[in-house]
Amino acid sequence: MNHRRALRAAVTVAVTGVLAAGMTMALTSTASAGTTLRASAAEKGRYFGAAVATGKLSTSTYVTILNREFNSVVAENEMKWDATEPQQGQFRYTGGDRLVSHAQANGMSVRGHALLWHQQQPGWAQGMSGSALRNAAINHVTQVATHFRGKIHSWDVVNEAFADGGGGGRRDSNLQRTGNDWIEAAFRAARAADPGAKLCYNDYNTDGINAKSTGIYNMVRDFKSRGVPIDCVGFQSHLGTSLAGDYQANLQRFADLGVDVQITELDVMTGGNQATIFGAVTRACMNVSRCTGITVWGVRDCDSWRGSDNALLFDCNGNKKAAYTNVLNALNAGPAIPTTPPPTDPPPTTPPPTDPPPTTPPPGTPDGCSASVSLNSWNGGFVATVKVTAGSAGTNGWNVGVTLASGASVTNTWSATASGSTGTVRFANVDYNGRLGAGQVTEFGFQGTGSGAGITPTCTAS
């Protein structure tokens, strides 16, 4: 979402016509009441965030509200494809780096938005298709996620890839035409590049149980069943004058798949129901234990992409609106995210065996190291993720060799250093992942053109 995009005709409006009475609950706090959105959300183990345009970080009223009320930020435009790779292979992170620095200085987490999207692509990508676009897109995911590695709480890896309407299918786009598995390929590349970040799919008009949200639900269920690395689903929630009565139920069914859910771009049209809807959305999130946070798309009404809708929690002078009060009350009244208690079994009455460790390594893990590879391939390219496992003596460093098929070439590498790009290529550890204890595992990856078929890695340790 961004200020430049025209307001969608499909902004979510009434699905049921009225707010479900079951979404109303007594606002009785179960803990000390936070006095700001960020304090109350943090008390409950969640974040409350805002979309930020870095050009406004020099506006005092804007920054005062941002720093006081929010403990998470997301860039409106500064991390999108056109901003981060304006020319192919030439990356620019100025805006994103500025936002990350502001967040780190003010105790905020950062959502990354968005690695791949059919809109706001740079002109050079808009003119591509097929394997050239596929390779460029995966390279973009890899490079951007690697640059921000360790600094992002959640990435919107793919944004708005499903079509509106009753079919529940994918949106036709240049990315979709590179192959139906392009979303899976993007998630796998993002995991390899930034393994500590939550990886999310994000979309709009998914606020209730409808054909579009069900299409996404089916994709997430498939990904989870096959081990595709997806951790969360974002519900934009650009709302009109009413809220779907099954809003909370929709969040819950995704959470039941084993993913976190997040409200990612919340804004609500001004009017008599605005405060009520903001409160209801917040309560719905609080009632779903895997709803980890809420982000509003802007700070003040005059910062909103929705113009005269006055769709946010603060007016242009920075005054709190009635919607703010409803949100804060709902945060304070809601339950905290439950934590899993430690096991309550009594300690064993006999000490563990004291036999010495075996002098030979377990089967399949030689005294040195072993390596295995998983491939995500498409016509014209592939991403390889290599798992290195230390043998019984551990490693002070490791080196993995692979022999590529004829015509294949390594184009980039992460978490290792490559020697060569064709034929037999050797990958050595980098400074932070060379020392492994017995049986410990690390991963690195590389992207290539051509075929990845037949890659069999061999590992030597020092």
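Values in this document were obtained by computation on a predicted structure and should not be read as measured data.

Conventions we followed
Residues numbered from 1 in each chain as written. Predicted model: local features only at pLDDT ≥ 70, side-chain atom pairs only at ≥ 80, totals over all residues. Heavy atoms only, no water. Disulfide = S-S within 2.5 Å. Helix = DSSP H or I, 4+ residues; strand = E, 2+ residues; numbered from the N terminus. Core = buried A, V, L, I, M, F, W, Y, C linked by side-chain atoms within 4.5 Å. Buried < 20%, exposed > 50% of the residue type's maximum accessible area, 1.4 Å probe, protein only. Contact = heavy atoms within 4.5 Å. Axes fitted to C-alpha atoms, helices over the stretch in contact; angles between N-to-C directions. Parallel < 35°, antiparallel > 145°, perpendicular 65-115°, else oblique. Left-handed = near helix turned anticlockwise from the far one by under 90°. Salt bridge = Lys/Arg side-chain N within 4 Å of Asp/Glu carboxyl O.

**Let's talk about the state of the cysteines**
Argument step 1. In this structure the tally under the stated criterion is three disulfides.
Argument step 2. Across the disulfide, C285 is cross-linked to C291 (sulfur-sulfur distance 2.1 Å). Judged by the torsion about the S-S bond (-100 degrees), the C285/C291 disulfide is left-handed.
Argument step 3. Each sulfur in the disulfide pair C369 and C459 lies 1.9 Å from the other. Between C369 and C459, the S-S torsion sits near -100 degrees, and that sign places the bridge as left-handed.

**A closer look at unusual backbone geometry**
Argument step 1. The step from H113 to A114 runs through a cis peptide bond, and the omega angle for that step is -10 degrees.
Argument step 2. Unusually for a residue other than glycine, S237 sits at a positive phi of about 65 degrees.
Argument step 3. Among the structural elements, S237 can be located in the loop between β6 (232-235) and β7 (238-239).
Argument step 4. One non-glycine residue, N310, adopts positive backbone phi at about 45 degrees.
Argument step 5. Inspection of the secondary structure puts N310 in the loop between β9 (291-296) and α11 (322-333).

**Brief notes about the nonpolar core**
Argument step 1. If you look at the biggest cluster of nonpolar residues, it comprises 95 residues, and the most contacted ones within it are F48, L66, F70, W155, F187 and L313.
Argument step 2. Ignoring any residue separated from it by four or fewer positions in sequence, one finds F70 in contact with L37, R38, F48, G49, A50, I65, M108, V296, V299 and F314.
Argument step 3. Counting 20 residues, the second largest nonpolar core, distinct from the first, contains W398, V402, F446 and C459.

**A look at the environment of A428**
Argument step 1. Note on placement: A428 falls in strand β15 (residues 424-428).
Argument step 2. With relative accessibility at 24%, the residue A428 sits in the partly exposed group.
Argument step 3. Sequence spacing of A428 and W398 is 30 residues, and the spatial spacing of their C-alpha atoms is 6.0 Å.
Argument step 4. Beyond its immediate chain neighbours, meaning those up to four positions away, A428 contacts W398, N399, A416 and T417.

**Quick word on the packing of helix α10 (residues 274-286) against α11**
Argument step 1. At a minimum axis distance of 8 Å, the contact between α10 and α11 shows a crossing angle of 20 degrees. The angle between the axes of α10 and α11 places the two elements in the roughly parallel class. Two packed elements cross with a definite hand, and for α10 against α11 that hand is right-handed. Contacts between α10 and α11 involve Q274, A275, T276, F278, G279, T282, R283 and M286 from the first element and A322, A323, N326, V327, A330 and L331 from the second.

**Description of the pattern of salt bridges**
Argument step 1. With the rule as written, the count across this model stands at 17 salt bridges.
Argument step 2. D164 is the salt-bridge partner of K212, the closest N and O atoms lying 2.9 Å from each other. Of this pair, K212 sits in helix α8 (residues 211-226) while D164 sits in the loop between β4 (154-159) and α7 (182-193), placing them 48 residues apart in sequence.
Argument step 3. Using a relative accessible area of 36% as the deciding quantity, one classes D164 as partly exposed.
Argument step 4. Between E184 and R226 there is a salt bridge; the shortest N-O distance is 2.9 Å. Of the two residues, E184 is situated in helix α7 and R226 in helix α8; the sequence distance between them amounts to 42 residues.
Argument step 5. The exposure class of R226 is partly exposed, given its relative accessible area of 41%.
Argument step 6. Overlapping salt bridges bring together E184, R188, D222 and R226 as one network.

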